[in-house]
Amino acid sequence: MTQWSFRLPFAAIMAFAVSACGARNAALPASSIPMQFQRIQSDVTRVPIYGSGTTVYTLGDGGANSAGVADMRLGVDGKLYYATTSQNIGSLSGEIGKFDLTTRTQTFQAVSYTPSFIDETSNGSVWVEEFDNASGTPTIDKYAGIGGTDTPISIPVGPLSPGGINGLIGGLAIGADGELWFGVGNFGKGGDTVGEINQTTDAVKLYPLTTPPGGNPPTSSWLVLGADKHIWATDGDNDGVDRVASSGASKGTSSFTQFPQGPYGPPDYPSAAGIAAGGDSKIYAAVPFLGTSTGEGALDSGPAKAAPSFASLALPSIGIEPIVVAAGSGKIYFLDFHFGGLGIYDIANKKIVVLPTPTLAAGSGIIVDGIGVPWVSCVTASKAACIERIALTATWAVYPSVKVNLYLKDPNGNPLPPGLIGMGETGNSGPFTVTSSNPKICTASVISGFDHNIRVNPVIAGKCTLSVTDAHARTVKVFVTVINGSGNPQARVPRVRVGAAPRLHGAVSVSS
């Protein structure tokens, strides 16, 4: 069994690796949180049957330049636009593309820089931030569509990150005035700004952000336009959000709001990442923790208005780590790094479920399409960037599969923690109950306060069957094989913080 490490593209790393490392000389302490859950594997080698309705599509050419999803957005034209990065760390290459969510066809092109955030606007232009390039000039590219003419636009900031990273990793959004807003999301001169580009003239204007009292220089991270017509930019190095006027006489003026688990610093080093505007006129932000000893992250929400007050949603203490978020159909969806799956928060009933997806959810992308179906970025067993469509229905299904494998030990012989399965649906069939056919082989229990997720504990090697029953007496069998071997079960391991190597942060072991 071959083992390899998939590293999150820099766009996901940005808020908690670059922001954490670039402003400090000392390396952060290593995480001490245990491997609370191993990632259950779908047993598709013997019986290729999933209990869930997911479909996976490889992005780009599936080669070396398309190994991880740096960003993906739903364009104004309703198509998915994506940027992928090379599997070769430090390579100035990648791909950008357009995926038609209806026909499932795509067009793409290679680029000679490392791309980060991408978006498509109403005039058909495709905008791509360059994370790193050969010229050393921070640049945003304006394409006349995928494959069309490229107009590089120089951004007057820099020098940026120590160590040679010269590009932009600060998100894109369309402001209330219809212009393209961007975050710099990097350190050095100009890293503490947001800016806008006139879509007609390509003129660039920068707006400074204010360092909060006692805080660090701000790093504008992910951006979104809120219901209040302001740009909201997460600040990874202060664990908060900047609210920026995007039109009118006060355009560019901003105010900072601290998230409840902040400010950034010990013992957990919370660092704000992805952000979304919910249909309830609230702002939702994903906050992974660095060097954590108490949990993996937070999901915060607050009203889209002046002087907002944010609160953390109640997350079970099993190590959820939201990275990026999207809104749709009365729900907030987030890509969860800990379990490599999709997290769902129902705004109405305030319930949360995490669905470990059949294909490892990884990278920095999540969108909700025009009919309310979530798509997440992923990586295939052959190490190619992909997207996974999660087709939830009124009939609940088991994730990642109804036939799964659990391991007793890791390749070094260390005992492994339990696994997690989830029940995904558009409604609410809970509460659920679960029984094991042979507790000597495996045990299982519904997680308190997290009633669409089940903890599955391997005891000894063998086979057992779980009977999962909903509140309406519908039962689904989950067939579990417990393996006593040296296989790699994609267990979530504590992160090691290395201040000088932000690109190496967040490795997830994957077997093929």
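What counts and what doesn't
Residues numbered from 1 in each chain as written. Predicted model: local features only at pLDDT ≥ 70, side-chain atom pairs only at ≥ 80, totals over all residues. Heavy atoms only, no water. Buried < 20%, exposed > 50% of the residue type's maximum accessible area, 1.4 Å probe, protein only. Helix = DSSP H or I, 4+ residues; strand = E, 2+ residues; numbered from the N terminus. Pairing = 2+ DSSP bridges. 1 Å grid on protein atoms, 1.4 Å probe; cavity = no way out; pocket = protein on both sides within 12 Å on 5 of 7 lines; lining within 4 Å. Points joined across faces, edges and corners; volume = space filled by probe spheres on them. Contact = heavy atoms within 4.5 Å. Disulfide = S-S within 2.5 Å. Salt bridge = Lys/Arg side-chain N within 4 Å of Asp/Glu carboxyl O. Phe/Tyr/Trp six-rings, centres within 6.5 Å; stacked < 30°, edge-to-face > 60°. Lys NZ or Arg CZ within 6 Å of the ring centre and 35° of its normal. Axes fitted to C-alpha atoms, helices over the stretch in contact; angles between N-to-C directions. Nonpolar A, V, L, I, M, F, W, Y, C, P; charged D, E, K, R; others polar.

**Examining the pairing of strand S5 (residues 80–85)**
Here comes step 1: Extensive coverage of S5 is indicated by the burial of six of its six residues.
Here comes step 2: Going residue by residue along S5, you find Leu80, Tyr82 and Thr84 tucked away on one face and Tyr81, Ala83 and Thr85 tucked away on the opposite face as well.
Here comes step 3: Bridge count between strand S4 (residues 68–74) and S5: six bridges; the pairing is antiparallel. Paired with Val69 across the bridge in S5 is Thr84.
Here comes step 4: The hairpin turn running from S4 into S5, its antiparallel successor, is five residues long, and Gly78 in that turn takes a positive phi close to 85°.
Here comes step 5: Relative to strand S6 (residues 94–99), S5 runs antiparallel, the two sharing six bridges. Note that in S6 the partner of Tyr81 across the bridge is Lys98.

**Looking at empty space enclosed by the protein**
Here comes step 1: Taken as a whole and assessed by the stated rule, the structure comprises two cavities of 30 Å³ or more.
Here comes step 2: Taken together, 15 residues line the largest cavity, and the ones lying closest to its centre are Asp346, Lys351, Val353, Gly427 and His452.
Here comes step 3: At three residues, strand S27 (residues 352–356) tops the list of elements feeding residues into the lining of the largest cavity.

**As for the side chain of Thr121**
Here comes step 1: Assignment of secondary structure puts Thr121 in the loop between strand S8 (114–120) and strand S9 (126–132).
Here comes step 2: Beyond its immediate stretch of four places on either side in the chain, Thr121 contacts Val76, Trp127, Ile174, Leu180 and Gln199.

**Notes on the environment of Leu355**
Here comes step 1: Here Leu355 lies in strand S27.
Here comes step 2: For the pair Leu355 and Ile390, spaced 35 residues apart in the sequence, the C-alpha separation amounts to 9.7 Å.
Here comes step 3: When neighbours within four sequence positions are excluded, Leu355 is seen to be in contact with Gly341, Leu342, Ile344, Leu392, Tyr399, Gly422, Met423 and Gly424.

**Examining the environment of Gly427**
Here comes step 1: Note on placement: Gly427 falls in the loop between strand S33 (419–424) and strand S34 (433–436).
Here comes step 2: Since its relative accessible area comes to 43%, Gly427 is described here as partly exposed.
Here comes step 3: Once the C-alpha coordinates of Gly427 and Ala394 are considered, the two residues, 33 residues apart in sequence, prove to be 5.8 Å apart.

**A few points about the state of the cysteines**
Here comes step 1: Evaluation of the coordinates by the stated rule reveals two disulfides.
Here comes step 2: Disulfide partner of Cys442: Cys464, at an S-S distance of 1.9 Å. Judged by the sign of its S-S torsion, about 120°, the cystine formed by Cys442 and Cys464 is right-handed. Taken together, the residues Cys442 in strand S35 (residues 442–447) and Cys464 in strand S37 (residues 462–469) connect sequence positions 22 residues apart. The residues Cys442 and Cys464 share a single accessibility class, namely buried.
Here comes step 3: Within the chain, bonded cysteines paired by disulfides and numbered along the sequence follow the pattern 1-2, 3-4.

**With respect to the pattern of salt bridges**
Here comes step 1: In total, this model carries eight salt bridges according to the counting rule given.
Here comes step 2: Taking the shortest distance from any N to any O, the salt bridge between Asp100 and Lys79 comes out at 3.9 Å. With Asp100 in the loop between S6 and strand S7 (106–111) and Lys79 in the loop between S4 and S5, the pair connects residues that are 21 residues apart, well separated along the chain.
Here comes step 3: Note that Arg243 is salt-bridged to Asp228, the shortest N-O span being 2.8 Å. With Arg243 in strand S18 (residues 240–245) and Asp228 in the loop between strand S16 (220–225) and strand S17 (230–235), this residue pair connects regions lying 15 residues apart in the sequence.
Here comes step 4: Residue Asp228 is classed as buried on the basis of its relative accessible area of 17%.
Here comes step 5: A single salt-bridge network, built from bridges that share partners, covers Asp177, Glu196 and Lys251.

**Notes on the sheet that holds strand S21 (residues 282–288)**
Here comes step 1: In space, the four strands of this open sheet follow the order S20-S21-S22-S23, with antiparallel pairing throughout. Among the strands making up the open sheet, the edge pair consists of strand S20 (275–277) and strand S23 (311–312).
Here comes step 2: As judged from the three bridges shared by S20 and S21, these two strands associate in the antiparallel manner. Counterpart to Ala276 in the pairing with S21 is Tyr284.

**A word on the packing of aromatic side chains**
Here comes step 1: Enumeration over the complete set of coordinates arrives at 10 aromatic pairs.
Here comes step 2: Relative to Trp375, the ring of Phe99 has its centre 5.9 Å away and its plane inclined at 65°; by these criteria the two rings are edge-to-face. Placement of Phe99 in strand S6 and of Trp375 in strand S29 (residues 374–379) is noted, with a sequence separation of 276 residues between them.
Here comes step 3: Given a relative accessible area of 1%, Phe99 falls into the buried group.
Here comes step 4: Trp375 sits in the buried class, given a relative accessible area of 0%.
Here comes step 5: Here a set of aromatic residues connected by ring pairs shows up, and it is made of Tyr57, Phe99 and Trp375.
Here comes step 6: Positioned above the aromatic ring of Trp396 is the side chain of Arg474, whose terminal nitrogen or guanidinium carbon lies 4.5 Å from the ring centre.

**Focus: the sheet that holds S17**
Here comes step 1: Taken in spatial order, the four strands make up an open sheet running S16-S17-S18-S19, and their pairing is antiparallel. Among the strands making up the open sheet, the edge pair consists of S16 and strand S19 (254–258). Taken pair by pair, the neighbouring strands of this sheet meet at an average axis angle of 25°, ignoring direction.
Here comes step 2: Note that S18 and S19 share five bridges and pair antiparallel. Note on S19: the bridge partner recorded for Gly240 is Gln258.

**A few points about the layout of surface pockets**
Here comes step 1: If you add up the space inside the largest pocket, you get close to 710 Å³.
Here comes step 2: Arg73, Leu74, Val224, Ile275 and Ala326 are, among the 28 residues lining the largest pocket, the residues nearest its centre.
Here comes step 3: When contributions to the lining of the largest pocket are tallied by element, the ones reaching two or more residues are S4, S8, strand S12 (172–174), S16, S20, strand S24 (322–328) and strand S28 (361–368).
Here comes step 4: Tallying contributions element by element places S28 first for the lining of the largest pocket, with five residues.
Here comes step 5: Here the residues of the lining of the largest pocket are counted per class, giving 20 nonpolar, four polar and four charged.

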